[in-house]
Amino acid sequence: MTNVRTSGGVADAAPAADPAPHGSHGQDGSRGAPAQGPEGLGPHPDELPDGLVVADADGRVTCFNAAAARITAVRPDEAIGRPLESALPLEDLDGRRWWPLTDPYGGPATRVGQPERNLLLPGGREVLVSARYVRERPAGPLRRLVVQLRGTDARRRTERSHAELIATVAHELRSPLTSVKGFTATLLAKWERFTDDQKRLMLETVDADADRVTRLIAELLDISRIDSGRLELRRQPVDIVAAVRRHVQAYTTAGHRPDRFEVKVAAPLPALWADPDKVDQVLGNLLENAVRHGEGRVTIEVAPALLKARPEGTEGTAVTVSDEGPGIPEESMGRVFTRFWRGSKRGGTGLGLYIVKGIVEAHGGTITVERAACGGARFRFTLPVGAPAFLSQA
């Protein structure tokens, strides 16, 4: 049987005695038996996430998997046994027929494949296509042509997300940098004309705008690390109650009424091992949202919890932040933790809650949002409290 595998992101097929790949039709159009060989022979073609089309030395299709059928809207039994150009008619973006243009069977024998590129299916739908040329020997005749197909929807979503991120960053940077440039230029040109109080006010504004730029850059770095799975955690014992009280004190020191905040602690709490800086970031973001977008009293509850998604008995610490404002519309609940979601028009990049979710999940925890009993928003995140493995083994 033929073992189909992927190599370097392009589907390839290893030589074997049986010329028909797993679960494919033979050249006579008959349906081959599904692959049920021993483990280690690779996945069945229909299990691959990308479209896989294989043509033999004569240019006839011998494998057309389920993903290829979904992408091209061609049934496998319609493609198997037909010439590749007929079963998979492709054109480049200039309208030229792709297979005669590239001539995989008659072109230079030194070629090993085609890099991924955008091509067009009948009807004008775009598809990402790459190919691998499998030869009897280097520079020998083509034994098998392996084609990989991918839809462009995921790439378009990624490109659209990147464009939105760039536009958001440009917008958020323009205002503070314009302010910094304006005030510094004014001070340098007319320093002697301003009183000390005026100079102090202008410099404080510059300092605040510089902090705003720094926060935005930090958010971008966090997003990059979260998306790439490179968010580093430096776990150590964390006093979550002290962290909560520290954030509340910062707000009251800044002029908010002490009675606007209520901290509830359900003791005793298990020892929490987490990254203290990242926990501070989560708490700061949730409290800022409650203060800025909510109304009335902000209640922070800290309590022990059991993690449902973990082995029975695994302990966690749950923190709930709720307010008495208008809350989040039901139709927006599913988008709260996505990029660029804003609960109101009161500014912000819309990246904070996306980062909060990434930090909580990097700790192995969960975060949810719902409507509070008093009508406002209620955010609850839970972190596992177990000590690191190296301490547990010690």
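You'll find the structure just up there.
Read on for an overview of the structure. (Residues numbered from 1 in each chain as written. Predicted model: local features only at pLDDT ≥ 70, side-chain atom pairs only at ≥ 80, totals over all residues. Heavy atoms only, no water.)

### Quick notes on the overall build of the protein chain
Piece 1. Within the protein chain one finds ten helices and 14 strands.
Piece 2. Counting every position in the protein chain, which comprises 394 residues, the buried fraction comes to 42%.
Piece 3. Considering only residue pairs separated by 6 or more positions, the protein chain has 58% of its internal contacts joining residues 24 or more positions apart.
Piece 4. Surface accessibility of the protein chain: about 21,700 Å² in total, with carbon and sulfur atoms responsible for 52%. (Helix = DSSP H or I, 4+ residues; strand = E, 2+ residues; numbered from the N terminus. Buried < 20%, exposed > 50% of the residue type's maximum accessible area, 1.4 Å probe, protein only. Contact = heavy atoms within 4.5 Å. Areas by Shrake-Rupley, 256 points an atom, 1.4 Å probe, with all protein chains shown as cover.)

### Considering the sheet that holds strand β11 (residues 298-306)
Piece 1. The strand order across the open sheet formed by five strands is β9-β11-β12-β14-β13, and the pairing between neighbours is mixed. At either end of the open sheet lies a strand with only one pairing partner, and these are β9 (261-265) and β13 (366-371). Going across the sheet, the axis of each strand differs from the next one's by a mean of 15°, ignoring polarity.
Piece 2. Relative to strand β14 (residues 377-384), strand β12 (residues 315-322) runs antiparallel, the two being bridged by seven bridges. Within β14, the position partnered with V319 by the bridge is F381.
Piece 3. Packing of helix α7 (residues 240-253) onto the sheet brings it into contact with β9, β11 and β12, and relative to β9 it is tilted by some 175°. (Pairing = 2+ DSSP bridges. Axes fitted to C-alpha atoms, helices over the stretch in contact; angles between N-to-C directions.)

### Overview of the pairing of strand β7 (residues 142-151)
Piece 1. Taking burial as the measure, the ten residues of β7 include seven buried ones, the bulk of the element.
Piece 2. Summarising the sheet, strand β3 (residues 51-55) and β7 pair through five bridges and their orientation is antiparallel. Its bridge partner lying in β7, G51 is registered against L149.
Piece 3. In this antiparallel pair of consecutive strands, strand β6 (residues 126-135) and β7, the connection spans six residues, and A139 shows a positive phi of 65°.

### Here's the deal with the pattern of salt bridges
Piece 1. Evaluated as defined, the whole model comprises 15 salt bridges.
Piece 2. Residues R75 and D77 are paired through a salt bridge, measuring 3.3 Å at the closest nitrogen-oxygen approach.
Piece 3. Overall, D77 belongs to the partly exposed group, its relative accessible area being 49%.
Piece 4. Between D222 and R225 there is a salt bridge, and its shortest N-O distance comes to 3.7 Å. Remark: R225 and D222 occur in helix α6 (residues 196-228); sequence separation between them is three residues, near one turn of the helix. (Salt bridge = Lys/Arg side-chain N within 4 Å of Asp/Glu carboxyl O.)

### Brief notes about unusual backbone geometry
What you tend to see is this: most non-glycine residues have negative phi, and most peptide bonds are trans.
Piece 1. The omega torsion across A267 and P268 is 0°, close enough to zero to call that bond cis.
Piece 2. Non-glycine residue D103 carries a positive phi angle of around 45°.
Piece 3. Residue placement: D103 occurs in the loop between α4 (98-102) and β5 (113-120).
Piece 4. If you check the backbone angles, A139 has positive phi at about 65° while not being a glycine.
Piece 5. Structurally, A139 can be placed in the loop between β6 and β7.

### Looking at the packing of aromatic side chains
Piece 1. Applying the stated criterion across every chain yields a total of two aromatic pairs.
Piece 2. Measuring from centroid to centroid gives 6.1 Å for F337 and F379, while their planes differ by 85°, and the two rings are edge-to-face. Of this pair, F337 sits in the loop between β12 and α9 (352-362) while F379 is found in strand β14, placing the two residues 42 residues apart along the sequence. This pair shows no difference in class: F337 is buried, exactly as F379 is. (Phe/Tyr/Trp six-rings, centres within 6.5 Å; stacked < 30°, edge-to-face > 60°.)

### Some details on empty space enclosed by the protein
Piece 1. Taken as a whole and judged by the stated rule, the model has one cavity of 30 Å³ or more.
Piece 2. Volume-wise, the largest cavity comes out at about 40 Å³.
Piece 3. The wall of the largest cavity is formed by W98, W99, Q114, P115, R117, L119, V129, S130 and A131.
Piece 4. Mapped onto the lining of the largest cavity, the elements with two or more residues apiece are α4, β5 and β6. (1 Å grid on protein atoms, 1.4 Å probe; cavity = no way out; pocket = protein on both sides within 12 Å on 5 of 7 lines; lining within 4 Å. Points joined across faces, edges and corners; volume = space filled by probe spheres on them.)

### A short note on the sheet that holds β3
Piece 1. The strand order across the open sheet formed by five strands is β4-β3-β7-β6-β5, and the pairing between neighbours is antiparallel. Taken across any chain shown, the strands that pair with only one partner, and hence form the sheet edges, are β4 (61-64) and β5. Strand-to-strand twist in this sheet, taken as the mean axis angle between neighbours without regard to direction, amounts to 20°.
Piece 2. Pairing between β3 and β4: three bridges, direction antiparallel.

### Quick word on the environment of I223
Piece 1. In this fold, I223 is placed in helix α6.
Piece 2. The sequence separation of I223 and R339 amounts to 116 residues, and the corresponding C-alpha distance is 9.5 Å.
Piece 3. Every residue in contact with I223, bar those within four places of it in the chain, is listed here: R339, L351, Y354 and I355.

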